Amino acid sequence: GAGVSQSPSNKVTEKGKDVELRCDPISGHTALYWYRQSLGQGLEFLIYFQGNSAPDKSGLPSDRFSAERTGGSVSTLTIQRTQQEDSAVYLCASSLVRLAGTGEQFFGPGTRLTVL
Amino acid sequence: KQEVTQIPAALSVPEGENLVLNCSFTDSAIYNLQWFRQDPGKGLTSLLLIQSSQREQTSGRLNASLDKSSGRSTLYIAASQPGDSATYLCAVPGNTPLVFGKGTRLSVIA
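Notes on the structure in this doc start here. Remember, predicted model here, so these are calculated numbers, not experimental data. (Residues numbered from 1 in each chain as written. Chains lettered and ligands numbered in written order. Predicted model: local features only at pLDDT ≥ 70, side-chain atom pairs only at ≥ 80, totals over all residues. Heavy atoms only, no water.)

Comments concerning the state of the cysteines
Here is the rule we go by: In plain terms, two cysteine sulfur atoms within 2.5 Å form what is called a disulfide here. Numbering goes from the N terminus for both helices and strands, where a helix is a DSSP run of H or I of at least four residues and a strand is a run of E of at least two. Throughout, exposure labels follow a simple rule: accessible area from a 1.4 Å probe, protein chains only, divided by the maximum for the residue type, with under 20% read as buried, over 50% as exposed, and the rest as partly exposed.
What the rule picks out here adds up to two disulfides over all chains. Two residues, A:Cys23 and A:Cys92, share a disulfide whose sulfurs are 1.8 Å apart. Of note, the bridge from A:Cys23 to A:Cys92 carries an S-S torsion of about -65° and is left-handed in sense. One end of the pair, A:Cys23, is in strand 3 (residues 19-24); the other, A:Cys92, is in strand 8 (residues 88-95), with 69 residues separating them in the sequence. Taking relative accessible area as the criterion, A:Cys92 reaches 0% and is therefore assigned buried. Residue pairing for B:Cys23: its cysteine sulfur links by disulfide to B:Cys90, the two sulfurs lying 2.0 Å apart. One disulfide, between B:Cys23 and B:Cys90, carries an S-S torsion of 80° and so falls in the right-handed class. With a gap of 67 residues between them, B:Cys23 in strand 3 (residues 19-25) and B:Cys90 in strand 9 (residues 86-92) connect regions that are remote in the sequence. The pair B:Cys23 / B:Cys90 is uniform in exposure class, with both members buried.

Below you can see the structure in the form of structure tokens.
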């Protein structure tokens, strides 16, 4: 079946604009994760959704970042009033899991965000 | 707080050589450990997942071992090929769903 898909693959925006990044997980996967990979940095956890439970937002760096997952499937990560330090690759992953992080995670190709 | 370290940060080997990548983690109470591959400008590809009850997992030329008590995992690549050139990342569940190392950048020279 299809893997995790993300759109757009690349996004260039001006400082101060809002952006929306989309993730379509593997069908049937109940857990969805967002990570950020900045140049020269490791992968940083942002937010985790599991079924209908309240999301784990502990990794979001500021209140400019938010995410939602509609119908237990597609997720949108929104960054408001983008800053240059938001420039990074945003990666989405999904898994079959009951406990956070315990299932094998499958990643999408990422969205490369550049804030000018 | 779980921390994951990978050494070396970069490795260059001639084609055909066998090699070992190292991963260490500070909290041995892990549920599993996952190895990934990342090609430049791409997402992560899952290579192997080892459950905490397992000692090793094999997939083709790849063999991953896990020693929970010492907080270590190794990824063994046999008969390396230029197509194996990529960054290899290990990750474990921790205070966040996955805690990643910074990766080992592997170059296999033809």
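Notes on the pattern of salt bridges
Cut-off, in case you're wondering: Within this document, salt bridges are pairs made up of a side-chain nitrogen of Lys or Arg and a carboxyl oxygen of Asp or Glu, the two lying within 4 Å of each other.
Under the counting rule described, the total for this entry stands at five salt bridges over all chains. As a salt-bridge pair, A:Glu44 and A:Arg36 come within 3.0 Å of each other at their nearest N and O atoms. A salt bridge links B:Asp84 to B:Arg61; the shortest N-O distance between them is 2.8 Å. A residue pair is termed long-range when its members are at least 10 positions apart, and B:Asp84 in the loop between strand 8 (72-77) and strand 9 and B:Arg61 in the loop between strand 6 (56-59) and strand 7 (62-67) qualify at 23 residues.

Observations regarding the sheet that holds strand 6 of chain B
Residues and elements named next belong to chain B. Note the following rule: Think of it this way: DSSP has to see at least two bridges between two strands before they count as a pair. Fitted lines through C-alpha atoms give the axes, limited to the stretch in contact for helices. The angle between two N-to-C directions lies from 0 to 180 degrees.
Judged by pairing direction, the sheet is antiparallel, and its five strands sit side by side in the order 1-3-8-7-6 without closing on themselves. Strands at the two margins of the open sheet, each flanked by one partner only, are strand 1 (4-7) and strand 6. Neighbour-to-neighbour, the strand axes of the sheet open up by a mean angle of 15°, direction not taken into account.

As for the packing of aromatic side chains
The condition is simple: Each Phe, Tyr or Trp ring, with Trp reduced to its six-membered ring, pairs with another whose centre is within 6.5 Å; inter-plane angles below 30 degrees give stacked pairs, above 60 give edge-to-face pairs, and intermediate values give tilted ones.
This structure, assessed with the given rule, holds eight aromatic pairs over all chains. Judged by centre distance (4.9 Å) and plane angle (20°), the rings of A:Tyr33 and A:Tyr48 are stacked. Linking A:Tyr33 in strand 4 (residues 31-37) with A:Tyr48 in strand 5 (residues 43-50), this pair joins segments that are 15 residues apart in sequence. Take A:Tyr48: its relative accessible area is 8%, and that puts it in the buried class. Considering the side-chain rings of A:Phe107 and B:Phe100, the 6.1 Å spacing of their centres and the 80° angle between planes classify their relative orientation as edge-to-face. Linking A:Phe107 in strand 9 (residues 106-107) with B:Phe100 in strand 10 (residues 99-100), this pair reaches from one chain into another.

Quick notes on the interface of chain B and chain A
To keep it simple, the criterion reads: Contact between two residues is taken to exist if any of their heavy atoms lie within 4.5 Å; hydrogens are not considered. Computed with a 1.4 Å rolling probe, the buried area is the accessible surface lost when two parts are put together, summed over both parts.
Counting residues at the interface gives 18 residues for chain B, matched by 18 residues for chain A. Between chain B and chain A, a total of about 1500 Å² is buried, with carbon and sulfur atoms accounting for 61% of that surface. Broken down residue by residue, the surface that chain B buries against chain A is led by B:Leu44, B:Pro97 and B:Phe100, which jointly contribute 33%. Our enumeration of links across chain B and chain A arrives at zero salt bridges.

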